[in-house]
Each structure stands twice: as C-alpha cells, then as structure tokens.
Amino acid sequence: MKGEFREMMKKRLKDNPTFKKEILLEAEAFLLESRTKLEKIRAKLQEITDLQLKLKVKTMGMNRLIKSYL
C-alpha cells in the first residue's frame, strides 16, 4: 500500500506542476514555522541559563555573607 501511494504521488507531481508548487509552498511554510518555534525555544533556553547564572551568583553571595557572620 505504501508503494502504491508513493507511485500515485510521483505521478501527481509529474503530471501536475501546480500541485507540485502547492506542496513546495506548504513545505516551505512548515519549515519557516519550525524555525520560528526553534528560535523561541532557543531564546527561552538562554533566558533560563541567564536566570540560573544569576541564582548561582546570588547563592554564592549569600553563602559569603553567612560565613562572615559565623
């Protein structure tokens, strides 16, 4: 069944250039959407990393303050 579908799609693409263009446009839109999502994920990961660093710095400062009292 997979082979039949693949052959049908190949024939449609070969016989109908408009269909081919539509598929290419849909694929391009999907890739652009995926890139946008990845950029948002990267930005969030960077934000998390920055917050983790700030937390570590504050923790170190608090530890020094506590040690100075002891």
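The preceding data block contains the structure.
(A) Region of the structure containing the overall build of the chain. A tally of regular secondary structure across the chain gives two helices and zero strands. Taken against the 2.2 N^0.38 rule, which gives 11 Å for 70 residues, the C-alpha radius of gyration of the chain at 27 Å runs more than 25% over that of a compact globule. The principal-axis extent of the C-alpha atoms belonging to the chain is close to 80 × 25 × 10 Å. Counting every position in the chain, which comprises 70 residues, the buried fraction comes to 3%.

(B) Structural view of a nonpolar patch on the surface. On the surface, a cluster of nonpolar side chains totalling about 370 Å² of accessible area is made up of Leu38, Ile41, Leu45 and Ile48. Assignment of secondary structure puts isoleucine 48 in helix α2 (residues 17–69).

(C) Layout of the pattern of salt bridges. Scanning all chains against the criterion turns up two salt bridges. The closest approach of N and O atoms between glutamate 33 and lysine 37, which form a salt bridge, is 3.3 Å. Here glutamate 33 and its partner lysine 37 are both found in helix α2, four residues apart, which amounts to about one turn of the helix. For glutamate 33, a relative accessible area of 43% translates into the label partly exposed.

About the thresholds
All residue numbers refer to position in the chain's written sequence, counted from 1. With pLDDT at 70 or above as the cut-off, local features in this predicted model cover only qualifying residues; side-chain atom pairs require 80 or more to be listed or tallied, and sums for whole chains, interfaces and linings still use all residues. As a rule here, side-chain values come from all non-hydrogen atoms in the structure, and water together with hydrogens is ignored. Put simply, DSSP H or I for four residues or longer makes a helix, DSSP E for two residues or longer makes a strand, and each gets a number counted from the N terminus. Throughout, the radius of gyration refers to the C-alpha atoms, and the reference size of a globule is 2.2 Å times the residue count to the power 0.38. Partly exposed residues are those whose accessible area sits between 20% and 50% of the maximum for their type, while under 20% is buried and over 50% is exposed, using a 1.4 Å probe and protein chains only. Every patch collects residues that have over 30% relative accessible area and no salt bridge, joining them within 9 Å if they carry like charges and within 5 Å if they are nonpolar side chains (Val, Leu, Ile, Met, Phe, Trp, Tyr). Accessible areas in this description were obtained via Shrake-Rupley with a 1.4 Å probe; residue shielding takes into account the shown protein chains only. Salt bridges are identified by distance alone: a Lys or Arg side-chain nitrogen within 4 Å of an Asp or Glu carboxyl oxygen.

Geometric values such as these leave the question of function open.
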